[in-house]
Amino acid sequence: MEEKYQFGFALGRDHALSIAEICAHLEKTHIKFSINQPVDEILIVTSENKDLEFININNLGGTIKLFRILGKTKLNNIFEFVIKNFYPNQTEKRINFGISSYGLGTTKELYQLGKNIKEYFSKSSLSARFVASQSTILSSVIITENKLLDRGFEVILIKERDEIIVGQTISTQDYKAYSFRDFGRPRRDDLNGMIPPKLAQIMINLSKINTDQILYDPFCGSGTILQEANLLGYQKIYGSDINKQQIRDTKANLAWLKQNCYANKIPDDNLFISDILNPSRLVKTDAIVSEGYLGEPIRKNHEKATVSANSLAEFYLKALNEIKNMLNTNGKIVIAIPFFIVQKKYIYLPLLDRLEQIGLKIEKPLSDVIKVKLPGRGNLSYHRPDQFVGREILVLSAL
Ligand SMILES: C[S@@+](CC[C@H](N)C(=O)[O-])C[C@H]1O[C@@H](n2cnc3c(N)ncnc32)[C@H](O)[C@@H]1O
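Residues numbered from 1 in each chain as written. Predicted model: local features only at pLDDT ≥ 70, side-chain atom pairs only at ≥ 80, totals over all residues. Heavy atoms only, no water.

Visitor: Can you walk me through the nonpolar core in this structure?
Guide: Soluble globular proteins tend to pack their nonpolar side chains together in the buried interior. By size, the foremost hydrophobic cluster in this structure holds 55 residues, and its most contacted members are Phe-9, Leu-43, Leu-206 and Ile-393. It is helix α1 (residues 15-28) that contributes the most residues to this core, eight residues altogether. Counting residues domain by domain, this core receives three or more from each of domain 1 (5-173) and domain 2 (183-398). Setting aside residues up to four positions removed in sequence, Phe-9 forms contacts with Ile-22, Glu-41, Ile-42, Leu-43, Val-45, Ile-55, Leu-60, Thr-63, Lys-65, Leu-66 and Phe-67. In terms of nonpolar packing, the next biggest core, distinct from the first, is built from 31 residues, Phe-219, Ala-305, Ile-323 and Leu-394 among them. (Core = buried A, V, L, I, M, F, W, Y, C linked by side-chain atoms within 4.5 Å. Buried < 20%, exposed > 50% of the residue type's maximum accessible area, 1.4 Å probe, protein only. Helix = DSSP H or I, 4+ residues; strand = E, 2+ residues; numbered from the N terminus. Domains from an automatic or database assignment. Contact = heavy atoms within 4.5 Å.)

Visitor: Is there a simple way to explain the packing of helix α5 (residues 175-183) against helix α6 (residues 197-207) in this structure?
Guide: In helix packing, the relevant descriptors are the interaxial angle and the interaxial distance, both defined with respect to the helix axes. The contact between α5 and α6 brings their axes to 9 Å, and the two run at 100°. The angle between α5 and α6 places the two elements in the roughly perpendicular class. Along the contact surface, α5 presents Tyr-178, Arg-181 and Asp-182, while α6 presents Pro-197, Lys-198 and Gln-201. The residue inventory of the contact of α5 with α6, partitioned by class, reads two nonpolar, one polar and three charged. (Axes fitted to C-alpha atoms, helices over the stretch in contact; angles between N-to-C directions. Parallel < 35°, antiparallel > 145°, perpendicular 65-115°, else oblique. Nonpolar A, V, L, I, M, F, W, Y, C, P; charged D, E, K, R; others polar.)

Visitor: Before we go on, may I ask you to explain the side chain of Ser-308 in this structure?
Guide: As for its position among the elements, Ser-308 is in helix α9 (residues 302-323). Note on Ser-308: relative accessible area 14%, which makes it buried. Excluding residues within four positions of it along the chain, Ser-308 makes contact with Ile-298 and Phe-340.

Visitor: So what exactly am I meant to see when it comes to the site of the ligand here?
Guide: Of all residues adjacent to the ligand, which total 22 residues, the nearest are Ser-222, Thr-224, Asp-241, Gln-246 and Glu-291. Taking Asp-241, its side chain carries an N or O atom lying 2.7 Å from an oxygen atom of the ligand. Within the backbone of Ile-276, one N or O atom sits 3.0 Å away from a nitrogen atom of the ligand. Within the complex, the protein chains bury 95% of what would otherwise be the 600 Å² of accessible surface of the ligand. Among the residues forming the shell around the ligand, the class breakdown is nine nonpolar, 10 polar and three charged. (Near = heavy atom within 4 Å. Polar contact = N/O pair within 3.5 Å; in protein donor to acceptor, adjacent residues only side chain to side chain. Areas by Shrake-Rupley, 256 points an atom, 1.4 Å probe, with all protein chains shown as cover.)

Visitor: I keep staring at the domain arrangement of the chain and nothing clicks. Help me out?
Guide: Accessible area lost on assembly of the parts is the figure often given for the size of an interface. Parsing the chain into structural domains produces domain 1 (5-173) and domain 2 (183-398). Distance from the C-alpha centre of domain 1 to the C-alpha centre of domain 2: 33 Å. Each side of the interface is counted separately: domain 1 has 21 residues, and domain 2 has 25 residues. Carbon and sulfur atoms supply 62% of the area that domain 1 and domain 2 bury against each other, a total of about 1,800 Å² over both sides. Considering only the side of domain 1, the residues that lose the most area to domain 2 are Arg-13, Leu-17 and Lys-28, jointly responsible for 33% of the buried surface there. Scanning the region where domain 1 abuts domain 2 turns up one salt bridge. Between Lys-208 and Glu-27 there is a salt bridge, and its shortest N-O distance comes to 2.6 Å. Our enumeration of links across domain 1 and domain 2 arrives at nine residue pairs in polar contact (both at pLDDT 80 or more). Counting only elements with at least two residues in the side of domain 1 that touches domain 2, the list comes to α1 and β2 (34-36). A per-element tally of the side of domain 1 that touches domain 2 places α1 first, with nine residues. (Buried area = accessible area lost by both parts, 1.4 Å probe. Salt bridge = Lys/Arg side-chain N within 4 Å of Asp/Glu carboxyl O.)

Visitor: Is there a simple way to explain the pairing of strand β7 (residues 152-160) in this structure?
Guide: If a strand is regular, its side chains alternate between the two faces of the sheet. When you tally the buried positions in β7, you get seven out of nine residues, the bulk of the element. One ladder, built from seven bridges, connects strand β5 (residues 94-102) with β7; its direction is parallel. Residue Ser-101 lies in a different strand from β7, and its bridge partner there is Leu-157. Judged from the six bridges that link them, β7 and strand β8 (residues 163-172) form a sheet pairing that is antiparallel. Residue pairing for β8: Glu-160 is matched across the bridge by Glu-163. In textbook terms, the turn of a hairpin is the stretch between consecutive antiparallel strands, and for β7 and β8 this stretch comprises two residues, one of which, Arg-161, has a positive phi near 50°. (Pairing = 2+ DSSP bridges.)

What follows is the structure, given as C-alpha cells:
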C-alpha cells in the first residue's frame, strides 16, 4: 500500500471559507486528497502525494497554522507520545516549546503537561522554556515572537472522539507581512473600504485559475486584489474602477508593492477608468475577482438597510450581466457582495434566485465529501463580529 501523508490546517475565523480555499488550492495542484474536520477550527488533509509538504502557507489567506500529523494517542498517554516524538536532537542545548490544544483540556492542564515535559528535558540536561498563554491555543504572534519554530517546537493536540491527534507545527501565518501590505501602502481608502489582503488571497484562490491565465478586477478601488494576485504570481492582471482617483491610488500602491515586496510591474495600460454598467473596455478574462460597492454604512435602521439591500441587488445584477460577457470559456466570477447586520438581524441582497435569468449559476462552495456548516443563507462569507457590514463570497460561472 502507498504511504499516506497527513497535514493539518488551523483555520481562520470563517472556517468554511478557509476550507473552501484549501480545497480549491489542492484541486488546482491536482493533488488527490481526502479531508476531515475533527473540530471546527481544524482541517486534516490526507494524501498519497508527498507534494502536500510543499504547501506555502503564505499563499493561503485563510490558514493560520500548518502542521504535520505525527500520529494518534490516548488521553492518558500524551506525555509519553510527546517525549518520544519531540525529543530534540543531541546538538540542541536550549529550546523553547509550546502546546496548543483544540477541543480538549484547560489552560491549567496544558500548563501541567508543559511543566512535566520541561522537567523531563531538564533531567537530561536540556534547558527548555515552556511558553504558555492565556488561551489553550497559541497565536501566530506568540509562536513567532518566542521563536518556537526556529529554536524548538509547538505540539498540536486535537480531540477526535476518544483519541488525540498529535501534530507538529511547520509554519504559521506571516501576520507582519499581511499587516505591512494592508497598512503600509501609501494610498488607503477608508471611505469606500478596502478588502483585507487575506480575503483577497482567498478569493483569488477560489477562482482556481492558473498563474498564466487572465485575472480582472472591475471594482479595483485602491488595488488590493490586484496586489495580492501579483504576489501570488499572476502575470496577466487587469483592473478598472469608475473613479479616476482610485486608478491613481491603485497605480501608486502597485508601484510601492514593486519596491517593497519584489512584485512584478503591471503595465499602466492594464489599469483604466470604466463604469462597469457601461464598460469602456471589454477585457476577455478567465477570472473576475472583485469586491464591489458595499453601500452606505447603516447601523440601526432595519428599513433603510432593506431599501439599500434592494437597490444594491439591482446594481449587482446589472453589473454581473455586463461582466459575464467578458468571461472566457470555463471562466469564473468570484465576487464579494455586502450583507448588513442591523440589531442582530441579517439582511442579504435579494439576488440569488435571479442569477439564472442573467445566465449565471452559483458554484457549490464545497464538495459533498465534507459536511461543513455554512453560515447565513448557505454561502461562504467573511464577517468580523464588530462590523455591521459583512461580505458574502459568491463563485459564479456561465450557465
Ligand atoms: C469597496 S470598493 C473596492 C475596494 C477594493 N477591493 C480595494 O481593496 O481597494 C468598491 C469600488 O467600486 C467602485 N465602483 C462603484 N461603482 C462602480 C461602477 N459602476 N463601475 C466601476 N466601479 C465602481 C468604487 O469607486 C470603489 O472604488
